[in-house]
Amino acid sequence: MTSFDPQRDVFSYGGDTGTRRREEIVLSEFCKAMRRRFGASYKLIPIEKAVAKKVVVEIGGATVDGVLSTAVGPVAIELLGYSPCRDRGDVMERDFKLRRAVKADLYKLLERKGYCISLRYREIHRAEPGKTKVKAVPTTRDHSRFIGELSSIIAVGPELEFCETCRIRFGKAQSVGQLNRWTRDIHLVDSEYPLCAKYLDHMELQGVGELIPDVGSNLRGGVVGLDGHWVREHVATKARKSMLKSCTRANGLPLWLIVHSDGHAIHQSIPEVHRPRAVQVCQTTLAGTVHGFSRCYWADRTAFLDAAWISRVV
């Protein structure tokens, strides 16, 4: 039997790599998608090599985010990762604290049952205009009661073979019996587990035998609604910086802006239905701002091979 180890039992979100490495992945996937879809002969030039050969220059200890080789010569790249604060900041922080508390408090129970669990949060509408959605992650004041409900659910969970899964859902008392006869999922009465029903669409149990139990969530990837205010503000900031710093660091090369969302929690994807609006917001912002970009693209899901959506903005 092992015990919870705060040094070992830590959590991360998908794509948790260093900034430079993440930028390289984004640009590499951008080049692959452009070659595959449009026949563009783009290739990533390592930034260290570009600086060493003075293709671009370093000023104040910083340079552009990347350099690409194209058919007409090298171009300098500035990246803007789409990461609205309410998704990347407070929601992710709450999820991190909750999962850490769940694992510390329920470690022995999870180990005894041989479970990993995954919390699949519901989506709720943001209060601000646009009615886009965000994950419903429990607040700190609800942690104790929420974990108590989880403990009761896990304690009566079924025996699971290695890698076998079970999905727990919540429903009204009058329909739970019928739902349990019709589906393989286990349905519990929502009034008996009010916080789990409030915050979770469902939860998943997975048999792991004697492996170390884990606590996951659906913030590691997925989509978030388009936050137009965030896009306008940050594209405008990039535009101002392009005139103050980026063009100088580009050392005379054409300067491109790539707004990207890699599909991981730190830069989540936007829904397909919001993509035309994302392009329009970028176009409108750049049209009303003095900037040094000769081109701008939006590239979505750039952390996943053959999955990037690319649209030229300017």
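Our subject is the structure listed above.
Not measured: the values here are computed from a predicted model.

Student: Could you give an account of the pairing of strand E9 (residues 200-207), naming the residues involved and the relevant values?
Tutor: Within E9, 6 of the 8 residues are buried, which leaves the element mostly enclosed by the surrounding structure. Here strand E4 (residues 115-121) runs beside E9; their pairing, made up of 7 bridges, is antiparallel. Within the sheet, the bridge partner assigned to Tyr121 lies in E9 and is Leu200. In the sheet, strand E7 (residues 165-171) pairs with E9 via 4 bridges, with the strands oriented antiparallel. Bridged to Thr165 within E9 is Gln206.

Student: Provide a residue-level description of the sheet that holds strand E8 (residues 186-189), including the pertinent values.
Tutor: Sheet strands line up and pair through hydrogen bonds in the backbone, either parallel or antiparallel. Pairing is mixed in the open sheet, where 5 strands are placed in the order E8-E7-E9-E4-E10. Edge positions in the sheet fall to E8 and strand E10 (215-217), since each of these pairs with one other strand and no more. Taking each pair of neighbouring strands and ignoring which way they run, the sheet shows an average axis angle of 25°.

Student: Lay out unusual backbone geometry with the relevant residues and their values.
Tutor: With a phi angle near 60°, Lys54 is a residue other than glycine that sits in the positive phi range. The residue Lys54 is located in the loop between helix H2 (47-52) and strand E2 (66-70) in this model. Its identity is not glycine, yet Cys163 carries a phi of approximately 75°, on the positive side. Along the chain, Cys163 falls in the loop between helix H4 (143-155) and E7.

Student: How would you explain the nonpolar core if you had to name every residue and give the values?
Tutor: Judged by nonpolar contacts, the single largest core of 36 residues is most densely connected at Ile117, Phe146 and Met203. For this core, the secondary structure elements donating two or more residues are helix H3 (85-113), E4, H4, E7, helix H6 (194-199) and E9. Residue contributions to this core peak at 7 residues, all from H3. Once residues within four sequence positions are removed from consideration, Ile117 is found in contact with Val102, Leu110, Ile154, Met203, Glu204, Leu205, Asp214, Val215 and Gly216. Val67, Leu80, Val231 and Phe293 belong to the second largest nonpolar core, which has 30 residues in total.

Student: Give a detailed account of the sheet that holds strand E11 (residues 255-261), specifying residues and quantitative values.
Tutor: If you walk across this open sheet you meet the 6 strands as E1-E2-E3-E11-E12-E13, and the pairing is mixed. Every other strand in the sheet has two partners, leaving strand E1 (43-45) and strand E13 (309-312) as the edge strands with one partner each. The sheet shows a mean angle of 30° between the axes of neighbouring strands, direction not considered. Pairing analysis gives 5 bridges linking E2 to strand E3 (residues 73-81), with the strands arranged antiparallel. Bridge pairing links Ser69 to Pro74 in E3. Along the sheet face, helix H1 (residues 19-38) touches E1, E2, E3, E11, strand E12 (295-300) and E13 and points at about 80° away from the line of E13. Each of E11, E12 and E13 touches helix H8 (residues 275-287); the most contacted strand, E13, lies at about 35° to it.

Student: I'd like a rundown of the packing of aromatic side chains, residues and numbers included.
Tutor: Throughout the structure, instances matching the rule amount to 8 aromatic pairs. Relative to Tyr42, the ring of Phe30 lies with its centre 6.3 Å away and its plane at 15°, an arrangement referred to as stacked. Placement of Phe30 in helix H1 and of Tyr42 in the loop between H1 and E1 is noted, with a sequence separation of 12 residues between them. Residue Phe30 is classed as buried on the basis of its relative accessible area of 0%. A residue is classified by how much of its surface remains accessible, and Tyr42, at 9% relative accessible area, is buried. Pairing Phe30 with Tyr297 gives two aromatic rings, centres 5.3 Å apart and planes at 70°, and the pair type is edge-to-face. Of this pair, Phe30 sits in helix H1 while Tyr297 sits in strand E12; the two residues are 267 residues apart in sequence, bridging distant segments of the chain. An aromatic cluster is present here, built from Phe30, Tyr42, Trp256 and Tyr297 joined pairwise through their rings.

Criteria and cut-off values
- Residues numbered from 1 in each chain as written.
- Predicted model: local features only at pLDDT ≥ 70, side-chain atom pairs only at ≥ 80, totals over all residues.
- Heavy atoms only, no water.
- Buried < 20%, exposed > 50% of the residue type's maximum accessible area, 1.4 Å probe, protein only.
- Helix = DSSP H or I, 4+ residues; strand = E, 2+ residues; numbered from the N terminus.
- Pairing = 2+ DSSP bridges.
- Axes fitted to C-alpha atoms, helices over the stretch in contact; angles between N-to-C directions.
- Core = buried A, V, L, I, M, F, W, Y, C linked by side-chain atoms within 4.5 Å.
- Contact = heavy atoms within 4.5 Å.
- Phe/Tyr/Trp six-rings, centres within 6.5 Å; stacked < 30°, edge-to-face > 60°.

Nothing here speaks to function; it is all geometry.
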